[in-house]
Amino acid sequence: MTTQCAVRPDGVAVVTLDNAPVNSLAESLLESLKANIAKVVADPKVKAIVVTGAGGFFCGGAEISEFAKLIGPGPGAYKERHASKGFHEVMDVIDGSPKTVVAAVNGLALGGGLEVALACHYRVISPKASVGFPEVQLGLLPGGQGTQRIVRVAPLEVALPMLLTGAPQKAEKALKAGIVDAMAKGDIVEEAAQLALSKPPAPISKRPVPNATRFKCYGGGLDGAEAQAVNRAKGMIAPSAIISCVRAACGSGSFQEGTEVEGREFTKLLFSVQSGALRHLFFSEKMISKVPGLKAAPAPMKKVGILGAGLMGGGIAICCVQKGLQVVLKDAKQEWLDAGMKSITGIWMGQVKRGRLPEAKAKSYIGMIKPTLAFEDFKDCDLIVEAVPEIMSLKKEVFLALDQNTKPDTLICTNTSGLNIDEIASVLKDPSRCMGTHFFSPANVMQLLENVRTAKASDKTIATCMAFGKLLGKKAVLVGNCDGFVGNRMIATYASQASTLLEEGASVEQLERVAEDFGMPMGPMSLGDLVGQELFWKQRKAAGDMKKQTKTYMGPYDLTDWLCERNRFGLKTPDKSIGANGRGIFIHKGRDKKPDPEVVAQMDVIRKAKGITARAIPDEEVEERLFFSMINEGFRILGEGFAQRSSDIDIVYLYGYGFPPAKGGPMFYAENYVGLPKLLERLKVHDAETKKKIAANKTLLPVDYFEPAPLLVECVQALNAGMKAKVPPGVPLMDAVLSAKKKGGSKL
């Protein structure tokens, strides 16, 4: 974590950022950079300076893991000196050099890396390099004078999107925009050295903001950009802070005054819970691949078998082929197999028509799939993913056939969304080669993969499934084998409460609005129509118990049963009589939808039959009951050992269900937005009210998801005992409590 410094025979000092793998600006590297620039400035033998990066990578930006050091002292420590002051001092040393400094941008220059390049007097870029400001994606802004420098070199229409979206600029566009001064044709350090020797110092801090940029700023450009950013990233506070910084740059104040505005805004964002949430997710993604105690190497993988050519099986096949894996795709009937191949082919040829995929590539993809009706064709596959309907007897039947037609070391995995995988695996001679690989639909689009650890899964099986997910580019999270795993177990309480609230008097529109205002991509009723109202209705029918409740599905069922009896499953069931391309809770026409008036009328019938008097329900109560029930189930899952860590649950909900990133996932939201004491208090209130209603009305099905999870109770007790002060920064209290308990017998 340092910089290397060497002086060439021609008097050019080359200062190299050296902190593998991305040369991040750790505190020690910044100190070294500052010292080395000062040293070569003072050296009379040095005529000019080049700054570059080691390993073909210029600089990936700040060392985010060190932000905890900045946050540790608390916001009160920055009343006189903003949090990025030390970073500014390094930029000032480079900028103020009396000897010409040129950045040799030999690879990605992101965030603080681009700010280092902009602090240099000139920039030469490699043709394959890119530059960008991704800070907004962490709820921050460029805190090393980037907001003040970029508008002095690039047009506002280039600078603002870079700052507000985090979108990078490739070398050619960066050159055209004026962000860099030259494109390297050969040895980039050599060309940067020659430029440094031929040009006088030209610090960006001394340049005025171009008149055209000022005109655009005060002609409504900033207001328009802010409105677009707020609309695109609802609820995010960083875009407005960025606009304030750009406004300061374009105003009448000096460069130094603008950097002070930037420093103050950066400090506010750094301490915001929103940025904390996004940084939490950044590190959480890195954690999901880490399985404590797992040392086995994954098995090599060249060919994957997929059993079931439907929507899910086809999506998995697409994922595998696009990552270079041969696929054997089997179904039970030729017409089903043909339909599956037609759908897969249609997706790739659609990309060809839109210019996203060369036709030759599409044809090569199709050639990598072997459609078959025979189990024998799985004989040389390395891994099988079963994706047949959710019927236990059928799963066991096909697993028996797979056991007889695969190599002894072939992994046999199931895509079940909630059935007991240990029971499915029990028919195998060697159940250690079985795990769950729960893809989310459509598998070729959704990024989440729940890898479900079974009781007898070997370490090699686990390692291979985790490597399989990584190869496919999925966010592969290892979870335990409980009813519904993590995602579907938690969403069941959310769906149950949505139906309950509807019966008690909330409207479809209110439920949708509250969920969307919270930040969800759609409301619970739209989600039901998207997934299919019939999913658990069919499972209850197959079980012969229409009142059956599990951790994956629970009542009330009255409206769902009424819809399904009329074949109104949602988006998948059109109704030509009314010109609808889908009918369920909503009538869907194209991209438009509205609540079905018959559903509204049926709710009155249901309430009357169940003796429920509709009431006006406050939005706050709706939000609490939807999300607190879900979060409480998350605490149960974590406490029971079916998730490795709380952040894994957050990743499941971010990538599987669209939980708003700015809230950090349901578990982060509980601890940092709601507060665990308040969560516990409100759960007790809702639990008491729910039990009272059930006791008074025999038509209501019993539910227990408001009963506070034992782990939540323990966390609040730990808080009251002062444990929070002992927990390292960035470590969730719930994880610390679990760790302190040191329980054996984990389900993971």
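S.K.: What is the right way to read the packing of helix 6 (residues 156-165) against helix 9 (residues 211-232) from this model?
M.R.: Each pair of packed helices gets described by two things: the angle between the helix axes and the distance between those axes. Remark: helix 6 packs on helix 9, axes separated minimally by 11 Å, with the N-to-C direction vectors making an angle of 30 degrees. Judged on the interaxial angle alone, helix 9 and helix 6 are roughly parallel. Taken as a pair, helix 6 and helix 9 cross one another with a handedness that is right-handed. Counted together, Leu 156, Glu 157, Leu 160, Leu 164 and Thr 165 of helix 6 and Thr 213, Lys 216, Cys 217, Gly 221, Leu 222, Ala 225, Ala 229 and Arg 232 of helix 9 form the full contact between these two elements. Taken together, the residues that form the contact of helix 6 with helix 9 break down as seven nonpolar, three polar and three charged.

S.K.: Got a minute to help me understand the nonpolar core in this structure?
M.R.: A general feature of soluble globular proteins is that nonpolar side chains tend to end up buried together. Ranked by size, the top nonpolar core spans 96 residues in total, and within it Leu 559, Phe 635, Leu 676, Leu 679 and Leu 712 carry the most contacts. Ranked by residue count, the leading element in this core is helix 25 (residues 619-639), at nine residues. What Phe 635 contacts, discounting residues up to four positions off in sequence, is Met 667, Ala 670, Leu 676, Leu 679, Ala 709, Leu 711, Leu 712, Cys 715 and Met 734. Residues Leu 17, Ile 125, Val 131 and Ala 238 belong to the second largest nonpolar core, which totals 73 residues.

S.K.: Please explain the pairing of strand 14 (residues 411-414) as it appears in this structure.
M.R.: Consecutive residues of a regular strand have side chains that alternate between opposite faces of the sheet. Of the two faces of strand 14, the one carrying Leu 411 and Cys 413 and the one carrying Ile 412 and Thr 414 are both buried. Across four bridges, the pairing between strand 13 (residues 383-386) and strand 14 is parallel. Along strand 14, the bridge assignment pairs Leu 383 with Leu 411. Following the backbone out of strand 13, through helix 16 (residues 392-404) and into the adjacent parallel strand 14, one traces a crossover that is right-handed. As paired strands, strand 14 and strand 15 (residues 434-439) are joined by three bridges and run parallel to one another. Of the residues in strand 15, the one forming a bridge with Cys 413 is Met 435.

Criteria and cut-off values
- Residues numbered from 1 in each chain as written.
- Predicted model: local features only at pLDDT ≥ 70, side-chain atom pairs only at ≥ 80, totals over all residues.
- Heavy atoms only, no water.
- Axes fitted to C-alpha atoms, helices over the stretch in contact; angles between N-to-C directions.
- Helix = DSSP H or I, 4+ residues; strand = E, 2+ residues; numbered from the N terminus.
- Parallel < 35°, antiparallel > 145°, perpendicular 65-115°, else oblique.
- Left-handed = near helix turned anticlockwise from the far one by under 90°.
- Contact = heavy atoms within 4.5 Å.
- Nonpolar A, V, L, I, M, F, W, Y, C, P; charged D, E, K, R; others polar.
- Core = buried A, V, L, I, M, F, W, Y, C linked by side-chain atoms within 4.5 Å.
- Buried < 20%, exposed > 50% of the residue type's maximum accessible area, 1.4 Å probe, protein only.
- Pairing = 2+ DSSP bridges.
- Right-handed = clockwise from strand over helix to strand, strands pointing away.

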